[in-house]
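Chains, contacts and geometry: an overview
Here is how the chains run, residue by residue.
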Amino acid sequence: MQTTHLKITGMSCDACVSHAKKALEAVPGVRSASVNLAGQEATVQHDGADIAKLLAAVAEEGYEAAVA
């Protein structure tokens with residue numbers, strides 16, 4: 001299993017965290033995602049998920065993400 005840390009900008013509330021978490025967990029290969037509002041970051045546990053798909057999933061929710 002791999003761990004990827006993402007920096008996410010644009011989240012402002014708990015609903016944002018929930019949307020980003022669900023989007024990340026929907027990416028094939030993702031086992032779990034933890035999203036932190038205060039730190040504007042996410043930690044994703046996965047089995048070789050495509051990083052571009054992780055970033056795209058967050059972008060589709062209206063936030064910006066980059067590998068931390």
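In what follows, the accompanying structure is described.

Procedures and definitions
- Residues numbered from 1 in each chain as written.
- Predicted model: local features only at pLDDT ≥ 70, side-chain atom pairs only at ≥ 80, totals over all residues.
- Heavy atoms only, no water.
- Helix = DSSP H or I, 4+ residues; strand = E, 2+ residues; numbered from the N terminus.
- Rg over C-alpha atoms; globule rule 2.2 N^0.38 Å.
- Buried < 20%, exposed > 50% of the residue type's maximum accessible area, 1.4 Å probe, protein only.
- Contact = heavy atoms within 4.5 Å.
- Areas by Shrake-Rupley, 256 points an atom, 1.4 Å probe, with all protein chains shown as cover.
- Lys, Arg positive; Asp, Glu negative; His and termini not counted.
- Charge placed at Lys NZ, Arg CZ, Asp CG, Glu CD.
- Pairing = 2+ DSSP bridges.
- Axes fitted to C-alpha atoms, helices over the stretch in contact; angles between N-to-C directions.
- Polar contact = N/O pair within 3.5 Å; in protein donor to acceptor, adjacent residues only side chain to side chain.
- Core = buried A, V, L, I, M, F, W, Y, C linked by side-chain atoms within 4.5 Å.

Looking only at helices and strands, the protein chain features two helices and four strands. Reading the helices (α) and strands (β) of the protein chain from amino to carboxyl end gives β-α-β-β-α-β. Radius of gyration (C-alpha) of the protein chain: 10 Å, near the 11 Å computed for a compact globule of 68 residues. Overall, the protein chain is about 30 × 20 × 15 Å in size when its C-alpha atoms are taken along their principal axes. In the protein chain, buried positions account for 32% of the 68 residues. In the protein chain, the proportion of contacts linking residues at least 24 apart, taken out of those at least 6 apart, comes to 61%. Carbon and sulfur atoms make up 50% of the accessible area of the protein chain, which amounts to about 3800 Å² in all. The averaged location of the 8 negative side-chain charges in the protein chain is 5 Å from the averaged location of its 5 positive side-chain charges.

Glancing now at the pairing of strand 1 (residues 2-9). The side chains of a regular strand alternate, first on one face of the sheet and then on the other. Looking at chain direction, strand 1 and strand 3 (residues 41-46) are connected through six bridges and run antiparallel. The residue of strand 3 that forms the bridge with Leu 6 is Ala 42. For strand 1 and strand 4 (residues 64-67), the ladder comprises four bridges, and the chain directions are antiparallel. Within the sheet, the bridge partner assigned to Thr 9 lies in strand 4 and is Glu 64.

Taken together, the four strands give an open sheet; going across it, the order is 2-3-1-4, and neighbouring strands pair in antiparallel fashion. If you trace the sheet from one side to the other, it starts and ends with strand 2 (30-36) and strand 4, each paired once. Neighbour-to-neighbour, the strand axes of this sheet turn through a mean angle of 25°, independent of strand direction. With respect to the sheet, helix 1 (residues 14-25) is in contact with strand 1, strand 2 and strand 3, its orientation differing from that of strand 2 by roughly 160°. Taken strand by strand, helix 2 (residues 51-60) contacts strand 1, strand 2, strand 3 and strand 4, and its axis lies near 155° from that of strand 4.

Our next topic: the side chain of Thr 4. Counting through the fold element by element, Thr 4 comes out in strand 1. Side-chain polar atoms of Thr 4 contact the side chain of His 46, separated by 2.7 Å. Residue contacts for Thr 4: discarding those within four places in its chain leaves Ala 42, Thr 43, Val 44, His 46 and Ile 51.

The biggest cluster of nonpolar side chains holds 19 residues, and the ones touching the most others in it are Met 11 and Leu 24. Broken down by secondary-structure element, the contributors of at least two residues to this core are strand 1, helix 1, strand 2, strand 3 and helix 2. Top element by residues in this core is helix 1. It accounts for five residues. Excluding residues within four positions of it along the chain, Met 11 makes contact with Cys 16, Val 17, Ala 20, Val 35, Asn 36, Leu 37, Gln 40, Glu 41 and Tyr 63.

Keep in mind these numbers describe shape, not what the thing actually does.
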